[in-house]
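Each chain, letter by letter, is given below.
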2 protein chains.
Amino acid sequence: MDNQKNHEIRLKSRPVGLPTADNFEVAETPVPSPGAGQVLVRNSYISVDPYMRGRMVDRKSYVPPFQIGQVLQGGAVGQVVASNGNDKLKVGDFVQSMNGWREWYVSGGQDVQKFDPQVSIQSYLGAMGMPGMTAYVGLLRIAALKDGERVFVSAASGAVGSVACQVAKAKGCYVVGSAGSDEKVKYLKELGVDQAINYKTAGDLNAAVARAFPEGIDVYFENVGGAHLEAALNNMRQNGRIALCGMIDIYNATELMPGPRNLAMAIGLSLTLRGFIVSNHTDMQADFHRDMTRWAKEGKMKWRETVVDGVENSPKAFIGLFKGENLGKMVVRVGPDKAV
Amino acid sequence: MDNQKNHEIRLKSRPVGLPTADNFEVAETPVPSPGAGQVLVRNSYISVDPYMRGRMVDRKSYVPPFQIGQVLQGGAVGQVVASNGNDKLKVGDFVQSMNGWREWYVSGGQDVQKFDPQVSIQSYLGAMGMPGMTAYVGLLRIAALKDGERVFVSAASGAVGSVACQVAKAKGCYVVGSAGSDEKVKYLKELGVDQAINYKTAGDLNAAVARAFPEGIDVYFENVGGAHLEAALNNMRQNGRIALCGMIDIYNATELMPGPRNLAMAIGLSLTLRGFIVSNHTDMQADFHRDMTRWAKEGKMKWRETVVDGVENSPKAFIGLFKGENLGKMVVRVGPDKAV
């Protein structure tokens with residue numbers, strides 16, 4: 001590793017509106033040497049996720065903001081390539097961490113989690129990882145989904161949405177997903193949804209949702225905000241539940257955007273809207289892995305990744321999330337799948 | 001009763017925006033005669049409530065719309081003054097019903113509920129009736145209030161809000177109410193709230209709410225919508241709950257009004273917003289009456305009514321709700337407290 005360099009992405013300036021390449025910088029640093037008790041990890045894939053946009057703003061939130069000039073953080077999977085006497089991790093171990101946006105890092109072991117990949121390692125950043133778990137928690141706990149209900153999922157072809165659609169199908173639900181291209185709609189049908197809406201060509205979204213749900217919506221899995229939330233509210237059934245997972249439509253807004261004009265429908269229909277952060281629900285992790293493994297074996301759970309190559313292209317991949325450039329999970333390949 | 005007439009209020013036209021006197025008409029009809037098995041009831045007080053505005057719109061909702069030319073409906077308390085062989089109701093019985101906006105009516109007994117007044121009969125239209133029960137259900141079930149939490153109540157001097165403040169105080173909570181006049185703020189302090197905000201003179205409502213809740217809000221009891229909901233959302237604590245009871249700010253809007261621009265805060269803070277209709281929670285009625293009676297005896301539950309005289313003034317009383325003319329429950333006296 002002596003002749004190799006590490007490359008990492010640092011936040012150069014805080015984005016205003018949609019992030020641009022100028023907000024990021026690639027820094028070259030020496031590959032670090034593990035100190036006593038430490039290991040050296042080479043990342044294979046790193047994750048870019050919409051929620052990271054929030055951490056680029058300097059404000060109090062559930063995670064602290066990224067700092068200017070410092071390397072960004074995010075999910076990553078990699079392999080231990082050297083050990084300096086760490087008693088829990090050995091060379092060849094696969095590890096997950098929040099040490100993304102970089103190629104190499106050293107760790108004492110506290111900030112990494114060893115895993116035994118049953119499927120492709122990058123899927124542990126997607127369907128088998130945080131985004132998949134978000135879909136699982138959001139539907140089964142936050143929205144208290146019952147078998148056979150009517151479920152609407154927005155951003156349905158994305159990392160979270162595509163798992164949400166399939167969890168709901170696995171529970172015998174009627175599932176409608178919305179996405180922003182015909183290719184994505186086709187993908188959703190391959191995943192087995194009952195109907196898919198291309199919101200960019202559907203015209204009046206409220207009417208399109210109404211047509212797809214003649215009997216109304218029991219559960220709406222909210223990834224988008226804006227017109228999607230209004231259309232969902234307009235079509236909810238009595239005692240419906242809305243899992244508030246994300247609102248990608250507003251993450252890049254430079255001023256506060258109006259909320260749904262029909263929120264008062266929640267009163268007459270006795271609706272519940274509930275926001276959540278997946279990291280508060282780690283007690284469901286064992287169930288998640290058990291169910292996902294079973295569904296995958298039964299052919300009920302599929303996924304795709306959109307893979308961008310090279311850590312230097314991470315900002316491009318990240319920005320692409322807000323342009324709908326991903327089908328399934330967007331990941332960046334920053335090293336070989338198997339480094340040792 | 002032969003020389004007496006009944007007066008009732010009918011919907012003359014559907015209001016656009018704030019209702020006006022022109023939307024209503026007073027009709028004089030003969031006092032009806034009870035048929036075989038029926039009783040004649042003389043109403044003492046009738047209720048005007050903000051939710052009735054929704055029924056003046058011709059749309060599908062949780063209750064059917066009022067019909068043009070027909071007598072309006074709403075809560076009423078009165079007394080049986082004549083019986084034609086009804087086997088459950090006798091002359092002198094006090095009854096509650098939804099046969100308001102009129103002085104007299106006949107009933108076979110199915111649409112009335114006998115009650116034994118422990119306090120003034122008009123309070124069964126307010127604190128001891130539907131509005132009080134709304135506060136009780138909203139806090140204890142919908143918002144799952146825990147002892148000692150921090151509670152914000154809007155429209156806090158109204159029929160629902162004033163009970164909500166006191167239920168929360170009885171549960172050992174820190175309670176802040178908002179209302180629209182200094183007189184109402186004074187009343188709230190008499191009810192024992194920890195702080196009261198006059199939202200009309202407080203300037204920046206968000207800042208006022210922040211000052212009143214340095215540690216944030218656990219539970220917001222929403223009666224208002226608009227700027228109140230935004231200010232509450234901005235100041236919620238992790239895992240906070242919002243009981244969506246009403247949004248009086250938007251009931252008279254002639255176009256859809258924007259929702260809260262900061263609804264996405266519900267995600268990061270893991271908030272729950274839950275709408276409800278009190279009539280879906282009648283299983284809590286026995287608990288409600290038991291607790292309210294005890295709190296009233298202990299001096300922990302007080303109430304006032306704003307009484308308008310004469311059934312012909314019901315529209316004026318109703319319109320006054322939207323101008324903040326009531327302190328506590330707005331009722332209309334349409335007959336003697338005791339008719340027989």
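Basis of the calculations
Residues numbered from 1 in each chain as written. Chains lettered and ligands numbered in written order. Predicted model: local features only at pLDDT ≥ 70, side-chain atom pairs only at ≥ 80, totals over all residues. Helix = DSSP H or I, 4+ residues; strand = E, 2+ residues; numbered from the N terminus. Rg over C-alpha atoms; globule rule 2.2 N^0.38 Å. Buried ≥ 20, exposed ≤ 12 C-beta atoms within 10 Å, placed from the backbone. Contact = placed C-beta atoms within 7 Å. Expected span 1.5 Å × (residues − 1). Nonpolar A, V, L, I, M, F, W, Y, C, P; charged D, E, K, R; others polar. Pairing = 2+ DSSP bridges. Least-squares fit on C-alpha atoms with pLDDT ≥ 70 in both. Domains from an automatic or database assignment.

The next point concerns the overall build of chain A. Secondary structure summary: chain A contains nine helices and 15 strands in total. Computed over C-alpha atoms, the radius of gyration of chain A comes to 20 Å, within 12% of the 20 Å expected from 2.2 N^0.38 for 340 residues, which places it in the range of a compact globule. Here chain A, with 340 residues, has 51% of them falling under the buried criterion. The contacts in chain A between residues at least 6 apart in sequence include a share of 67% that link residues at least 24 apart.

This part covers helix 3 (residues 159-170) of chain A. All names here are of chain A. In this model helix 3 runs 17 Å from its N-terminal to its C-terminal C-alpha over twelve residues, within 8% of the 16 Å that 1.5 Å per residue would give. Counting buried residues in helix 3 gives ten out of twelve residues, a clear majority hidden from the surface. Of the residues making up helix 3, those classed as buried are Ala-159, Val-160, Gly-161, Ser-162, Val-163, Ala-164, Cys-165, Gln-166, Val-167 and Ala-168. The inward-facing, buried residues of helix 3 contact helix 2 (130-142), strand 8 (150-153), strand 9 (174-179), helix 4 (182-190), strand 11 (217-222) and strand 15 (329-333). At the exit of helix 3 stands Gly-172, carrying a positive phi of roughly 75 degrees.

All right, on to the interface of chain B and chain A then. With 29 residues of chain B in contact, the opposing surface of chain A contributes 29 residues. Broken down by element, the residue count for the side of chain B that touches chain A peaks at four residues, all from strand 13 (residues 272-275) of chain B. Partitioning the side of chain B that touches chain A into residue classes produces 17 nonpolar, ten polar and two charged. Across three bridges, the pairing between strand 13 (residues 272-275) of chain A and strand 13 of chain B is antiparallel. If you follow Leu-273 of chain A over to strand 13 of chain B, its bridge partner there is Leu-273 of chain B.

What follows deals with unusual backbone geometry. Its identity as a non-glycine residue notwithstanding, Trp-101 of chain A has a phi of 60 degrees, on the positive side. Structurally, the position occupied by Trp-101 of chain A is in the loop between strand 5 (94-97) and strand 6 (104-107). Classification of Trp-101 of chain A as buried rests on a count of 30 C-beta atoms within 10 Å. Of note, the phi angle at Asn-239 of chain B is positive, near 65 degrees, even though the residue is not glycine. Structurally, Asn-239 of chain B can be placed in strand 12 (residues 236-244).

Now for the relation of the copies chain B and chain A. The two copies are related by a screw motion: chain B maps onto chain A through a turn of 180 degrees and a shift of 0.0 Å along the axis, at an RMSD of 0.0 Å. The superposition operator between the copies reduces to a two-fold rotation axis. The C-alpha atom lying nearest the rotation axis in chain B is that of Gly-259 of chain B; the distance is 1.9 Å. Here 100% of the contact residues of chain B are again contact residues in chain A; the copies associate through an equivalent surface.

All names here are of chain A. Segmenting chain A into domains produces domain 1 (5-126 + 304-333) and domain 2 (130-297). A separation of 27 Å is found between the C-alpha centroids of domain 1 and domain 2. Listed by partner, the interface residues are 18 residues for domain 1 and 20 residues for domain 2. Residues of the side of domain 1 that touches domain 2, tallied by class, amount to eight nonpolar, eight polar and two charged.

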